[in-house]
Amino acid sequence: MTDITLVQGDITRESVDAIVNAANSSLLGGGGVDGAIHRRGGPAILAECRRLRAGHLGKGLSTGRAVATTAGDLDARWVIHTVGPVHSTTEDRSGLLASCHRESLRVADELGARTVAFPAISTGVYRWPPDDAARIAVETVRATRTSVTEVRFVLFDARVYEAFAARVG
Ligand code: AR6
């Protein structure tokens, strides 16, 4: 049974086995939560991302997939990088957003991570409406068979936190 918990705040301050990063396919950093994770986690994370890009992820990480690196100086063992879809009003990309959560949990299981913190993937630069993102995130975690015992959604802004709180109840 996986507990779903909610925290309003900065995910880089959390103490968990794995922190999920809302990355982009380059894996080479960006703004938002990605920038914050690299800033606080230090250069070891980017160094490992570069090694992945030089190896089997030469073309980058596809939308909906996930891959782990060290967590560097963060209070976690791993960062699991996943690439959310950009929200579209003409195309239903919700399967890709669900896949980010499923794949991150699959990678967490491979690592043996039991506690995993997720940000609200795609709700920033990628413009996914928070209510819908919360629905997809919570439904997907509930429907995924995993050995992770706690999924902690760490929501930076109040509006996104309220959207998740309405779902988790
Ligand atoms: N802790 C927790 N959540 C945060 C933090 C933080 N420190 N900082 C921001 N958020 P975004 P996306 C929230 O834009 O929409 C990057 O440049 C934020 O309020 O980080 O998936 C990547 O490199 C929002 O609710 O990610 C990609 O290019 C949520 O995290 C692109 O942005 C996600 O916002 C990915 O866009």
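Conventions and cut-offs
- Residues numbered from 1 in each chain as written.
- Predicted model: local features only at pLDDT ≥ 70, side-chain atom pairs only at ≥ 80, totals over all residues.
- Buried ≥ 20, exposed ≤ 12 C-beta atoms within 10 Å, placed from the backbone.
- Helix = DSSP H or I, 4+ residues; strand = E, 2+ residues; numbered from the N terminus.
- Arc of directions from axis to C-beta.
- Contact = placed C-beta atoms within 7 Å.
- Pairing = 2+ DSSP bridges.
- Near = placed C-beta within 6 Å.
- Nonpolar A, V, L, I, M, F, W, Y, C, P; charged D, E, K, R; others polar.
- Axes fitted to C-alpha atoms, helices over the stretch in contact; angles between N-to-C directions.

For the protein chain, the name recorded in an unreviewed UniProt entry is O-acetyl-ADP-ribose deacetylase, with Streptomyces violaceorubidus as its organism.

A.B. asks: Please explain helix 5 (residues 158-168) as it appears in this structure.
C.D. replies: Given 3.6 residues per helical turn, the α-helix brings residues three or four places apart onto the same face. Along helix 5, the positions that sit buried rather than exposed are Val160, Tyr161, Ala163 and Phe164. Across the axial projection of helix 5, the buried residues extend over an arc of 160°, all falling on one side. Facing away from the buried side of helix 5 by more than 90 degrees, the exposed set consists of Ala158 and Arg159. Contacts from the buried residues of helix 5 go to strand 1 (3-8), helix 4 (130-143) and strand 6 (150-155). Two residues or fewer after helix 5 comes Gly169, characterised by a positive phi angle close to 55°.

A.B. asks: Looking at this model, I keep getting lost on unusual backbone geometry. Mind explaining?
C.D. replies: With the exception of glycine, the majority of residues adopt a negative phi angle, and the majority of peptide bonds are in the trans configuration. In the Ramachandran plot, Leu27 falls in the positive-phi region, its phi being about 60° despite a non-glycine side chain. Summarising the element assignment, Leu27 is placed in the loop between strand 2 (18-23) and helix 1 (32-41). Residue Arg127 is not a glycine yet carries a positive backbone phi of 65°.

A.B. asks: How should I be thinking about the pairing of strand 4 (residues 78-83) in this particular structure?
C.D. replies: Along a regular strand, successive side chains alternate from one face of the sheet to the other. The buried fraction of strand 4 is high, at 6 of 6 residues. Side-chain alternation along strand 4 places Trp78, Ile80 and Thr82 on one buried face and Val79, His81 and Val83 on a second face that is also buried. Pairing geometry for strand 2 and strand 4, over 6 bridges, is parallel. What sits directly across from Ala22, in strand 4, is Thr82. Taken together, the 5 bridges between strand 3 (residues 66-70) and strand 4 define a ladder with antiparallel strand orientation. In the strand pairing of strand 4, Thr69 is matched with Val79.

A.B. asks: Could you clarify how one ought to interpret the site of the ligand in this entry?
C.D. replies: Surrounding the ligand, one finds 25 residues, the nearest of these being Asn24, Gly30, Gly32, Gly124 and Phe156. Counting residues per element, the shell around the ligand draws most heavily on helix 1, which supplies 4 residues. Across the shell around the ligand, the residue classes tally to 13 nonpolar, 9 polar and 3 charged.

A.B. asks: Explain the sheet that holds strand 2 to me, please; I cannot follow it from the model alone.
C.D. replies: Working definition: the strands of a sheet are paired by backbone hydrogen bonds and lie parallel or antiparallel to each other. Overall, mixed pairing links the 6 strands, which are arranged 1-6-5-2-4-3 in an open sheet. Every interior strand has two partners, whereas the edge strands, strand 1 and strand 3, have only one. Averaged over all adjacent pairs, the angle separating strand axes in this sheet is 25°, with direction ignored. With 6 bridges joining them, strand 1 and strand 6 adopt parallel strand pairing. Of the residues in strand 6, the one forming a bridge with Gln8 is Leu155.

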